[in-house]
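# Survey of secondary and tertiary structure
Take a look at the letters that make up each chain.
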Amino acid sequence: MTSAQAQLVEVCVPLAVPGRYSYRVPPHLAGRAPVGSRVLVRFGGQKVTGVVVRTDTRAPEGVNPVDVSEVLDDQPALPPELVDLCLWIAEYYEAPPGEVLRGALPAGSGVRAKQVFGLTARGAAIADGEGAALPAKQRVLLARLAEAELPAGAASPATKKVLEALIHDGLVELRDHRSSARAKLRVERVARLVGEAAAAKTASARSLKKVRVIDVLASGAALAIDAIEQLVPGAKTTLRELAKAGLVELSTREAPLDAVETGVDMPVSAPPVLTGEQATAVAEITGALGGGTPFTPFLLHGVTGSGKTEVYLRVIAEGLAQGKTALVLVPEISLTPQLAARFRARFGDLVAILHSGLSETQRLGEWTRIQRGEARIAVGARSAVFAPLSGIGVIVVDEEHDGSFKQDEGVRYHARDVAIVRAQRAGAVCVLGSGTPSLESAAHAEKGTYRMLRLTERPMARPMPQVEVIDLRTYLPDGESMLSAPLRAAIEQTLAAGDQTILFLNRRGFATFVLCRACGHSFRCPNCSVSLTYHQHADRLRCHYCNYMAEVPEGCPKCKAVAIERKGLGTERIAAALAELFPQARVARLDRDTATGPRIEAVLGRVARREVDILIGTQMVTKGHDFPGVTLVGALCADTGLDLPDFRSAERTFQLLAQVAGRAGRGDRPGRVLIQTYRPTEPAVTAAAAHDYAAFFTAEYAARQELGYPPHGRLITVRIDGKNPHEVAGLAQRIGRAAQTAAAAQGGAVEVLGPAPAPLERLRGRTRWQILLRSPDRHALRRVARALPLADPSKDLRASLDVDPVSAL
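Residues numbered from 1 in each chain as written. Predicted model: local features only at pLDDT ≥ 70, side-chain atom pairs only at ≥ 80, totals over all residues. Heavy atoms only, no water.

### A few points about the overall build of the chain
Assigned secondary structure in the chain consists of 23 helices and 33 strands. Taken over C-alpha atoms, the radius of gyration comes to 31 Å for the chain, in line with the 28 Å a tight globule of 809 residues would show. In the chain, which comprises 809 residues, the share counted as buried stands at 51%. Carbon and sulfur atoms make up 51% of the accessible area of the chain, which amounts to about 36,500 Å² in all. (Helix = DSSP H or I, 4+ residues; strand = E, 2+ residues; numbered from the N terminus. Rg over C-alpha atoms; globule rule 2.2 N^0.38 Å. Buried < 20%, exposed > 50% of the residue type's maximum accessible area, 1.4 Å probe, protein only. Areas by Shrake-Rupley, 256 points an atom, 1.4 Å probe, with all protein chains shown as cover.)

Next up, the structure:
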């Protein structure tokens, strides 16, 4: 094959660079690099793992492509339809395609290679003292290279001259040093009998143990040595002796992939009888499984505890029966074990789990089980939207309203919206489930672009919990526990009845700020525009954004007075106060300080086993947990999120209150909810108390319409940050002027708000500014965004686009 005839492929590299790059497939790799294959390619001064995104391509004019160095997979790592989805994400969210594809591959599975100078065989011999004498500089450099290879970029000009002479003489060569992937599948040692068992037994007749080992291997199949050892203790030594005698062959192979444990025990039980509303929802959704109708996502609006998960299970069972696969997305890692356990109880090891709480090796194992078709259902958090499922038939997004489905850095995609696009492209059904749908999804249902299905009642005629609003202006809360008299009395009654209580406060720590009583000095993070929170268990001040920590001084650093006070309440302080108020009660916390990874599962498991009487937590306690023993829920302060400078603050408050209220009364006993607030007439509070989503939607929809916020308009936020405040402000002003010019060219269809400092102006040592682009015309909005000069020569400055932002902070 001539150079002109050689196959060219387009490759995306996992770096923050735009575009795709052309490479030549050398003859010895011809036909081995289809779309979705991982390849090792040279990019800049190193070799990186890229992904082939197109094969029928031509090189740009004047470009002479370099060769693909290596194809890393026998079969494509990503199916072509998933590659196409990643390219759509890159275009829609204005992100480098290579970074999107990196997110679709298991973390730690990529390899890199860099050029190094190393000794040839002849050079190594001379370095050991053999052969002719060399000039002093060459001898010194050979000795240095005998100890370690020299990275090509680390050689000084003088060293390079010596290296050129050594390369000319064949003593040194420039070669690639390849780093291995961090995450690898587990391998195991195996043994296989060579020849007939009878002959091997005859040759080993004097050793009873050898005969026993040969009997185990008599089938002729390769068996794991560890398994043989369990059957015949001491077999490892015996196998080595048999291998020396040529009777047994020892080798390695990839170990079987075991499903990751969920950490939650869920007994296998017969599926429950569906309610009429559940049966209707299942019939509607499964009716669309066969295709033949225009794609329409289903919005399953079910009150908390109404059995949405059972609907998901029935629909997926029908999808599996039709030979399809399924994807289930949940918003939080803390939800994944419990939901995955329910799916495992129904579908066994056909379920794979994907979330960032797993180790890289565990994620690679689950990802591989999905890719091979060993697992046909993927359950996971946001990044599971990239699961390499083939023949996908059902996609479920549980708690679709949750803001954690939006990636807030890097590639800022929204997993819910990507899931909808993936379902549409695959011809799959898409089910969005929520007790408090986002305004955008509800508006789609109002227009008919989504199909609304409602579950208005809990199974087995369980009533929704009774909700009471406690006016904290009348019932002053206790200064340590933040309990009003009615809530304290309710907790006492719940404990006496042997039931469980959940208390919600969306602030962690012991004291939310520390100040000097004498001069008013407050302790703030030097890197972020926030107060430091005091954590008693560590006796430290901590920033919840950058994790900066400091000791609490005895005296004020400003006025030197010994008058330091810890103010404000967080979950740690509430937990300590509850333990004093109710010494007989078993109190637990669920927040980011106490529960990450396996510890989340441990806390939830204790609550499920009724080993906890009172659970105090942040919004982690509001997320879909099903604890039949919980009959009382208390929201300690419903006002904490209402005044945030974000147009979604009322919606988030309503959703949190409604969701946490839904944790009560899910068992045989009725539930009760007490919402403490200083603003009892706030629409978000009154609607949550009345379980009235329709009232909240109507009021909030009208309020958003006046200002053109979603769902009535589209937004793109330009985010600018850097270490130097003046440089950040200057770049923001330049981009702002360009935005005004580009908006004017669109005839006023796009509104430019800002530039202005972000509400959280400083974060992790970087100053932040932002510009908001708003328009009902998404095409005009996109043209303005793409006209902005976001590239800046300074490495310390960054400017990026956040398409469809969910937070203004």
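### Description of the state of the cysteines
Cysteine pairs can be linked by a disulfide, which is a covalent bond between their two sulfur atoms. Here the structure, examined in full by the defined rule, presents zero disulfides. This cysteine, C86, is not joined by any disulfide, and C12 carries the nearest cysteine sulfur, 9.3 Å off. Among the residues examined, C86 registers a relative accessible area of 0% and is labelled buried. (Disulfide = S-S within 2.5 Å.)

### A short note on the nonpolar core
One finds I89, L327 and L773 to be the most contacted residues of the largest nonpolar core, which totals 77 residues. Looking at this core element by element, the count peaks at nine residues for helix α1 (residues 80-92). With 39 residues, the next largest nonpolar core counts A442, A638, L642 and V685 among its residues. (Core = buried A, V, L, I, M, F, W, Y, C linked by side-chain atoms within 4.5 Å.)

### So, the side chain of D591
By secondary structure assignment, the location of D591 is in the loop between β26 (587-590) and α18 (598-608). Look at D591 and you get buried, because its relative accessible area is 0%. One polar contact links D591 to T571, side chain to side chain, over a distance of 2.6 Å. A polar atom in the side chain of D591 sits 3.2 Å from the side chain of R589. (Polar contact = N/O pair within 3.5 Å; in protein donor to acceptor, adjacent residues only side chain to side chain.)

### Some remarks on the sheet that holds strand β30 (residues 714-722)
The strands making up a sheet are joined through hydrogen bonds of the backbone, oriented either antiparallel or parallel. Strands sit in the order β31-β32-β30-β33 across an open sheet of four strands; the sheet is antiparallel. Taken across any chain shown, the strands that pair with only one partner, and hence form the sheet edges, are β31 (751-763) and β33 (797-803). If you compare each strand with its neighbour and ignore which way they point, the axes differ by 20 degrees on average. Pairing of β30 with β33, which is carried by seven bridges, proceeds in the antiparallel orientation. Pairing of G722 across the sheet is with L797, part of β33. (Pairing = 2+ DSSP bridges. Axes fitted to C-alpha atoms, helices over the stretch in contact; angles between N-to-C directions.)

### Details of unusual backbone geometry
Each neighbour pair has its own omega, and for P710 with P711 the value is 15 degrees, a cis peptide bond. Along the chain, the position of P711 falls in the loop between α21 (693-707) and β30. Between G754 and the following residue, P755, the backbone shows a cis peptide bond with an omega angle of 10 degrees. Mapped onto the fold, P755 is located in strand β31.

### Details of the pairing of strand β15 (residues 377-380)
Side chains I377 and V379 project from β15 onto one buried face, and the interleaved A378 and G380 project onto a second face that is buried too. Direction of pairing for strand β13 (residues 325-329) relative to β15: parallel, over a ladder of four bridges. By the bridge assignment, V328 is partnered in β15 with V379. In terms of strand pairing, strand β14 (residues 351-354) meets β15 through four bridges, oriented parallel. In the strand pairing of β15, V351 is matched with I377. Viewed along the sheet, the connection from β14 through helix α13 (residues 360-372) into β15 turns out right-handed. (Right-handed = clockwise from strand over helix to strand, strands pointing away.)

### Some thoughts on the sheet that holds strand β9 (residues 187-193)
Spatially, β10-β9-β11 is the arrangement adopted by the three strands of the open sheet, whose pairing is antiparallel. Since the sheet does not close on itself, it has two edges, and those belong to β10 (223-224) and β11 (248-254), each with one partner. Sheet topology note: the β9/β11 ladder contains seven bridges and is antiparallel. Note on β11: the bridge partner recorded for R192 is E249.

### Structural notes on the packing of helix α4 (residues 136-147) against helix α5 (residues 157-168)
Running from amino to carboxyl end, α4 crosses α5 at an angle of 90 degrees, the nearest separation of the two axes being 10 Å. By the angle class used here, α4 and α5 are roughly perpendicular. On α5, the residues touching K137, Q138, L141, L142 and L145 of α4 are T159, V162, L163, A165 and L166. Classifying every residue of the contact of α4 with α5 by side-chain character gives seven nonpolar, two polar and one charged. (Parallel < 35°, antiparallel > 145°, perpendicular 65-115°, else oblique. Contact = heavy atoms within 4.5 Å. Nonpolar A, V, L, I, M, F, W, Y, C, P; charged D, E, K, R; others polar.)

### With respect to the side chain of R774
Within the secondary structure, R774 is located in strand β32 (residues 766-775). There is a polar contact of 3.0 Å between the side chain of R774 and the backbone oxygen of L707. Among the polar contacts listed, one links the side chain of R774 to the side chain of Y709, at a separation of 3.4 Å. Leave out the neighbours within four places in its chain, and R774 touches L707, G708, Y709, R714, L715, A749, V750, E751, L753 and L781.

### With respect to the packing of aromatic side chains
The tally for this structure, following the rule as stated, stands at 11 aromatic pairs. Between W88 and Y93, the aromatic rings sit 6.3 Å apart at their centres with planes inclined by 90 degrees, giving edge-to-face as the arrangement. Centroid distance F654 to F696: 4.4 Å. Interplanar angle 5 degrees. Geometry classified as stacked. Pair noted here: F654 is in helix α19 (residues 649-661) and F696 is in helix α21, with a separation of 42 residues, a long-range link. Judged by relative accessible area, F696 falls into the buried class, the value being 3%. Site record: aromatic cluster; members linked through ring pairs are F654, Y693, F696, F697 and Y701. Its end group placed over the ring of Y709, R774 keeps NZ or CZ at 4.7 Å from the ring centre. The lysine or arginine in question, R782, covers the ring of Y92, its NZ or CZ lying 4.7 Å from the ring centre. (Phe/Tyr/Trp six-rings, centres within 6.5 Å; stacked < 30°, edge-to-face > 60°. Lys NZ or Arg CZ within 6 Å of the ring centre and 35° of its normal.)

### Looking at the pattern of salt bridges
If you walk through the whole model with that rule in mind, you get 40 salt bridges. We note a salt bridge from R346 to E310, for which the minimum N-O separation is 2.9 Å. With R346 in helix α12 (residues 336-347) and E310 in helix α11 (residues 308-321), this residue pair connects regions lying 36 residues apart in the sequence. Among the ionic pairs, R369 bridges to E366, the shortest N-O distance being 2.9 Å. Pair noted here: R369 and E366 are both in helix α13, with a separation of three residues, about one helical turn. We classify R369 as buried; its relative accessible area is 3%. One salt-bridge network, held together by shared partners, links E310, R314, R342 and R346. (Salt bridge = Lys/Arg side-chain N within 4 Å of Asp/Glu carboxyl O.)

### Comments concerning α19
Between its first and last C-alpha, α19 extends 18 Å over 13 residues, near the 18 Å set by a 1.5 Å rise per residue. Buried residues along α19 sit against α15 (439-447), β20 (500-504), β28 (630-635), β29 (672-677), α20 (683-689) and α21. (Expected span 1.5 Å × (residues − 1).)

### Section: the environment of A664
Mapping A664 onto the fold places it in the loop between α19 and β29. On the basis of relative accessible area, A664 is assigned to the buried category, the value being 0%. Each C-alpha atom, one on A664 and one on P465, is 6.2 Å from the other, the two residues being 199 residues apart in sequence. Look past the residues within four positions of A664 in its chain and what remains in contact with it is R458, P465, V630, T631, V633, G671, R672 and V673.

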